[in-house]
Amino acid sequence: MAVVAQVPTRLGAIRAIPRRFVVAGILALWLLIFAVFRGHQTLALAAADLTGLHRWFNDVNDSIGADRNSNPLFLYFFNEIRLVIDNLVTFIQSLISQPSSGRGVPQIGWLGVVGIVGYLSWALGNVRVALLAMAGFTFFGLQGLWQESMDTLALTLSAVFVSLLIGIPLGVWAGMSDRANRIMTPFLDFMQTMPTFVYLAPLTLFFLIGPASATIATLIYAAPPAIRITAHAIRSVPATTVEAAYSLGSTRRQTLTKVLLPMSKRTVVMGINQTIMAALAMVTIAALIDAPGLGKTVVKALQSLDVGTAFNAGLAIVVMAIVLDRVTTAASERSATGVPSAEGRGRAPGRLGGPFVKWRRHLLVAGGVVAAVLVYLSHTYVWAAEFPGEGSTGSTIASAADTVTTWAQDHLSGMTNALRDAVTNGLLNPFQSLLTDSPWWLVGAVLVAVGAVLGGRRAGVTAGVCVALLVGTGMWSDSMTTLASTAVATVLVMALGVVVGVWMGRSPMADRLIRPTLDAAQVMPPFVYLVPFLALFGATRFTAIVAAVVYAAPVTMKIIADGVRAVPETTVEAAAAAGSNTWQIITKVQLPMSRSALALAVNQGLIYVLSMVVVGGLVGAGALGYDVVAGFSQGELYGKGLAAGLAIVLLGVMFDGITQAAARRTTAVNGRRH
Amino acid sequence: MAIHLVAGTRPARWRAGAAGLTVLGLALTACGGAKVGDTPSAAGSSSGGKCGTFNLAVNPWVGYEADAAVVAYVAEHKLGCTVKKKDLKEEVAWQGFGTGEVDAVLENWGHDDLKKKYITDQKTAVAAGPTGNNGVIGWYVPPWLAKKYPDITSYKNLNKYASQFKTSESGSQGQLLDGDPSYVTNDAALVKNLNLNFKVVYAGSETALIQAFRQAEKKQEWILGYFYEPQWFLSEVPLVKVDLPPYKEGCDAVAAAVACDYPVYDLDKIVSTKFAASGSPAYSLVKSFSWTNDDQNLVAKYIAVDKMSDEAAAKKWVEANGDKVAAWLK
């Protein structure tokens, strides 16, 4: 909280004029100078042109590839990591998905997997999630996607396992130390916003083509949410509680294990869930480097625009996400209500009463035996090893999805064109031309000034450095085009996020109904819904914005809902008793009190929007997204793609810095620690 | 589990054990059926023979998938190879030549940059001759447009219609929808050098291009875009190519000054240096594999339109074209 200390001095200078007037003044000045200098020094770079930096990146990439077999770093470092991860994934695959040791089928067949999943969900969670998990897994078989699903599960489990192994300790550290947090944040921004396409090809150079590369690609993208949200959780524990613990003589370690971790458990689990979601969101991209599983089915189907088949496989990914999410959530609730010791997990929650506690232990043993029998059967008998039937449910789903898509394409496009043109001409085009046609130094100065006013000196400096580096990448003009779309998308994301998030936070019923849709939007491979969107909106920047909103809005909704729910019920009741109506409760109590959640939502919303820039490039957004994709596809453009990827990261770091600092300042001014 | 078993009282363990045993007994008596391993699986693993494992890269487009399906089918069934298909983007596949994870790429579209890097510089790959397919790249319009305005298929008349091609992305100019980032395009230079009142808009993916053309044909909308053949989509919507000034040797030497059509590419095969020297029968198959655009389009249609599996599509074609396959195996 270094910023907090600086606030009083800086406030002194600015207090005279409210910040929003200063920002408005800066913007007015911008417009004025824009009118004079329009079209000068815009640093535009044509699609096929390269700068010296881009060529240098190409050379570095080539030289790494050339001495791969003699470099000790490869021989003793990357190869070892690859071996460990390859073995982990291959081991899980031989258990559940791939034929092993000449058997023609995996060690454990579908019946055994369903049995284990059901048993574990019940033992760690409750009966309801156990039934859900068993139904979900059986559904994969009915879809005709058993083996593909198990391959995806094997890969996801490995990636999530390694992510958490690294992520939770780092998150706790970042939560307890401001310095660690400050150092880690740009790296996390980097990992979450650097487009996978940029490092996908180099990864296969380091870790070869195979499960290791796929796992590591997934891990890079999936670990940051675990770290960030764990840190956020630790920080959200009220300062008074922590101080009380210290004043009662707790050591740092005791405070961590007895106060901070138990009190932040609920939010940490949200981090785990987000990690799972992020890992599953990578399934299709990893398929481009031969990662086995559902992603391959999606990619293959989309080559011939077979939306039905792609949707069927996408649905399997969604079902897997929902099952994993609900089981982990139930497990955390059990551990939170049960005895919070290491071996307390299996014990029943106290609230369910005596007889159940007594019987639960016996039932658990019996259930374990049943699961073991199912595993044995599925190991031995063909009918329990290979899922019976042709997967006819899958073809039904596929043809239904095809019908719906075709109908929507044929009947909705009139309306959708009007919407697209309204947003494009009314909002996007003016903003974009302001950004791209202004001289670079003008936009740079505006960014630095706005950053400094909103976020303080540190954010201003960050913005300045990022602007300088952006110019250095040679991708300035494309960055500004992307920035315009990103800003529009983020505004839409936040608008949706606040409306739906507050609704979900206030109504458990709404939460239950909406949440599966949000999960679906986060993990359904974008192209499955983008094919109909392409028909509706064409290959345009608007389609790219829609894609970003679909992907980024769910996370903001979830975070805001969580924040609204965390507002103490007594406060809300007090406000209601004092005669506040619903609108007043929301705007005067619930939203202001969930300010830190709102800040996190803006931050994550922006980062998620930026992580969709490349997908946007695939559907008509052009600019940085297209540069990255082209760099992945054409050797000569590799360096330019890398530079474009860096530009996306720089945009991310800059806005992350500004939004976080701004959030800290607003909350600090209001006298709360967070 | 162990903790609970130990902690549990004796009767509890007994009861649970009895329940478990009952279930086990029931299960074992009630369920029978074929055991795993009773019927030996397909001959694939047993007849490996001298061919061994053949690592075949499969790049992500349907035409390539057709090539790979047929070559893999022949290698497996006629040569007894164990074929490992690896789904990879081009760049990654070429990289695999050096790391020993890819033996062959079956349909290479030009890619002089990759050839220089891996064949000339790193010497990890060698060319293995043409596939017999001709790759055509150019500007296309949907059939309804070419029918209604026959003169539109000459670049000279494009300016006349430019305003019709306007979209939300192209401002006051007509839109030229460019595309799949995998292929080199000179379109920005072409538009400039041919003085066309068009703006290049990057669709960004094959999916976006196909969807744009499909929708345009269905709704009779105006569209001009970059496309290529052989491509399965042309069997659904036969796009019509716009004539640009004809290609002449060297007219594309200076990228910024290009004012002519794209050359016709002879698609070719690339293999890893190691594979070429291995004496594997799979290598001689790859080397002599050659077929026409019509052949590929047919298999691609089986896969993309008739939704057959790769294996089934390849089988159907191989059985109908025994003579061609026999020529590859000589």
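Analysis parameters
Residues numbered from 1 in each chain as written. Chains lettered and ligands numbered in written order. Predicted model: local features only at pLDDT ≥ 70, side-chain atom pairs only at ≥ 80, totals over all residues. Helix = DSSP H or I, 4+ residues; strand = E, 2+ residues; numbered from the N terminus. Buried ≥ 20, exposed ≤ 12 C-beta atoms within 10 Å, placed from the backbone. Contact = placed C-beta atoms within 7 Å. Rg over C-alpha atoms; globule rule 2.2 N^0.38 Å. Nonpolar A, V, L, I, M, F, W, Y, C, P; charged D, E, K, R; others polar. pLDDT = per-residue confidence, 0-100. Expected span 1.5 Å × (residues − 1). Domains from an automatic or database assignment. Core = buried A, V, L, I, M, F, W, Y, C linked by C-beta atoms within 7 Å. Right-handed = clockwise from strand over helix to strand, strands pointing away. Axes fitted to C-alpha atoms, helices over the stretch in contact; angles between N-to-C directions. Parallel < 35°, antiparallel > 145°, perpendicular 65-115°, else oblique.

Caption draft 1: How the structure looks around the overall build of chain B. Of regular secondary structure, chain B possesses 14 helices and nine strands. The buried share of chain B, reckoned over its 330 residues, is 44%. Once local pairs closer than 6 in sequence are excluded, the contacts in chain B between residues at least 24 apart make up 74%.

Caption draft 2: Structural view of the overall build of chain A. Within chain A, the secondary structure is distributed over 30 helices and zero strands. Relative to its length of 674 residues, chain A is compact, with a C-alpha radius of gyration of 26 Å against a globular reference of 26 Å. Overall, the C-alpha framework of chain A stretches about 80 × 60 × 60 Å when taken along its three principal axes. Out of the 674 residues belonging to chain A, those deemed buried represent 55%.

Caption draft 3: Structural context of the interface of chain A and chain B. Each partner contributes to the interface: chain A provides 68 residues, whereas chain B provides 63 residues. Ranked by the residues each element gives to the side of chain A that touches chain B, the list is headed by helix α16 (residues 354-380) of chain A, at eleven residues. In terms of residue class, the side of chain A that touches chain B is built from 37 nonpolar, 19 polar and twelve charged.

Caption draft 4: Looking closely at the confidence of the model for chain A. Residue and element names in this part refer to chain A. Per-residue pLDDT for chain A averages 83, and the proportion of residues at 70 or more is 91%. Across chain A, the element-wise mean pLDDT spans from 41 in helix α1 (residues 2-14) up to 92 in helix α6 (residues 127-142). Every residue in residues 1-14 is under pLDDT 50, and counting partners more than four places away or in other chains gives 14 contacts. Under a pLDDT of 50 for its full length, residues 339-353 has, in the predicted model, 21 contacts with residues more than four places off or in other chains.

Caption draft 5: Here's a closer look at the environment of Lys218 of chain B. Residues and elements named next belong to chain B. As for its placement among the helices and strands, Lys218 is situated in helix α9 (residues 206-219). For Lys218, a count of 16 C-beta atoms within 10 Å gives the class partly exposed. In this structure, the C-alpha to C-alpha distance between Lys218 and Asn108, residues 110 residues apart in sequence, is 32 Å.

Caption draft 6: Quick peek at unusual backbone geometry. Omega for the bond connecting Glu229 of chain B with Pro230 of chain B falls within 30 degrees of zero, at 5°, which places this linkage in the cis form. Note on placement: Pro230 of chain B falls in the loop between β7 (225-229) and β8 (240-242). Its identity is not glycine, yet Leu305 of chain A carries a phi of approximately 50°, on the positive side. The topology assignment puts Leu305 of chain A in the loop between α14 (294-303) and α15 (307-337). In this model, Lys123 of chain B sits at a positive phi of 55°, which is unusual for a non-glycine residue. Locating Lys123 of chain B in the fold gives a position in the loop between α5 (112-121) and β4 (125-141). Judged by C-beta crowding, with 11 C-beta atoms within 10 Å, Lys123 of chain B ranks as exposed.

Caption draft 7: How the structure looks around helix α8 (residues 178-193) of chain A. Between its first and last C-alpha, α8 of chain A extends 22 Å over 16 residues, near the 22 Å set by a 1.5 Å rise per residue. Residues of α8 of chain A that are buried include every one of Asn181, Thr185, Leu188, Asp189, Gln192 and Thr193 of chain A, and no others.

Caption draft 8: Representation of α6 of chain A. Residues and elements named next belong to chain A. The first and last C-alpha atoms of α6 sit 22 Å apart over 16 residues, in line with the 22 Å expected at 1.5 Å per residue. Among the residues of α6, Val129, Ala130, Leu132, Ala133, Gly136, Phe137, Phe140 and Gly141 are the ones counted as buried. Gly144, located one to two residues past α6, shows a positive phi value of around 80°.

Caption draft 9: Spotlight on the domain arrangement of chain B. Residue and element names in this part refer to chain B. Its domain assignment divides chain B into domain 1 (53-133 + 266-329) and domain 2 (135-257). Computed from C-alpha coordinates alone, the two centres of domain 1 and domain 2 are separated by 30 Å. Domain 1 puts 14 residues into the contact, and the matching count from domain 2 is nine residues. Within the residue set of the side of domain 1 that touches domain 2, elements represented by two or more residues are α3 (62-77) and α12 (293-304). Examining the composition of the side of domain 1 that touches domain 2, we find that six residues originate from one element, α12, more than from any other. Its residues assigned to classes, the side of domain 1 that touches domain 2 comprises seven nonpolar, five polar and two charged.

Caption draft 10: Up close: the nonpolar core. Grouped together as the largest cluster of nonpolar side chains are 310 residues, with contacts concentrated most on Ile317 of chain A together with Val71 of chain B. Taken together, domain 1 (53-133 + 266-329) and domain 2 (135-257) of chain B each give at least three residues to this core, which thus spans both. The contacts of Ile317 of chain A, once residues within four sequence positions are left out, are Thr152, Leu280, Val283, Leu294, Val523, Met524 and Pro525 of chain A.

Caption draft 11: Expanded view of the pairing of strand β5 (residues 174-178) of chain B. A large share of β5 of chain B lies buried, amounting to five of its five residues. Of the two faces of β5 of chain B, the one lined by Gly174, Leu176 and Asp178 of chain B and the one lined by Gln175 and Leu177 of chain B are each fully buried.

Caption draft 12: Structural detail: the confidence of the model for chain B. Residues and elements named next belong to chain B. Confidence in the prediction of chain B, expressed as mean pLDDT, is 83, and 86% of residues score 70 or more. This stretch, residues 1-11, has a pLDDT under 50; its non-local contacts, to residues over four places away or in other chains, come to ten contacts. In this model residues 40-48 is a low-confidence stretch, pLDDT under 50, and it forms six contacts with partners more than four residues away in sequence or in other chains. Taken over the whole predicted complex, pTM reads 0.82, whereas the ipTM for its chain interfaces reads 0.78.

Caption draft 13: Region of interest: the pairing of strand β1 (residues 53-58) of chain B. The element β1 of chain B is extensively covered by neighbouring structure, given that five of its six residues are classed as buried. Each parallel crossover has a hand, and the one from β1 of chain B via α3 of chain B to strand β2 (residues 82-87) of chain B is right-handed.

Caption draft 14: Inspection of the packing of α8 of chain A against helix α27 (residues 595-611) of chain A at higher detail. Residues and elements named next belong to chain A. In the contact formed by α8 and α27, the axes pass within 8 Å of each other and the chain directions differ by 40°. When the axis of α8 is compared with that of α27, the two are oblique. For the pair α8 and α27, the contacting residues are Asp189, Gln192 and Thr193 in the first and Ile607, Leu610 and Ser611 in the second. By residue class, the composition of the contact of α8 with α27 is two nonpolar, three polar and one charged.

Caption draft 15: How the structure looks around the environment of Glu229 of chain B. All names here are of chain B. Along the chain, Glu229 falls in strand β7. Assessed through the 21 C-beta atoms surrounding it within 10 Å, Glu229 is described here as buried. Through-space distance from the C-alpha of Glu229 to that of Pro142 is 14 Å; in sequence the pair is 87 residues apart.

Caption draft 16: Quick peek at the environment of Thr292 of chain B. All names here are of chain B. Looking at where Thr292 falls in the secondary structure, it is placed in the loop between α11 (281-288) and α12. Residue class for Thr292 comes out partly exposed when judged on the 14 C-beta atoms lying within 10 Å of it. Once the C-alpha coordinates of Thr292 and Gln122 are considered, the two residues, 170 residues apart in sequence, prove to be 31 Å apart.

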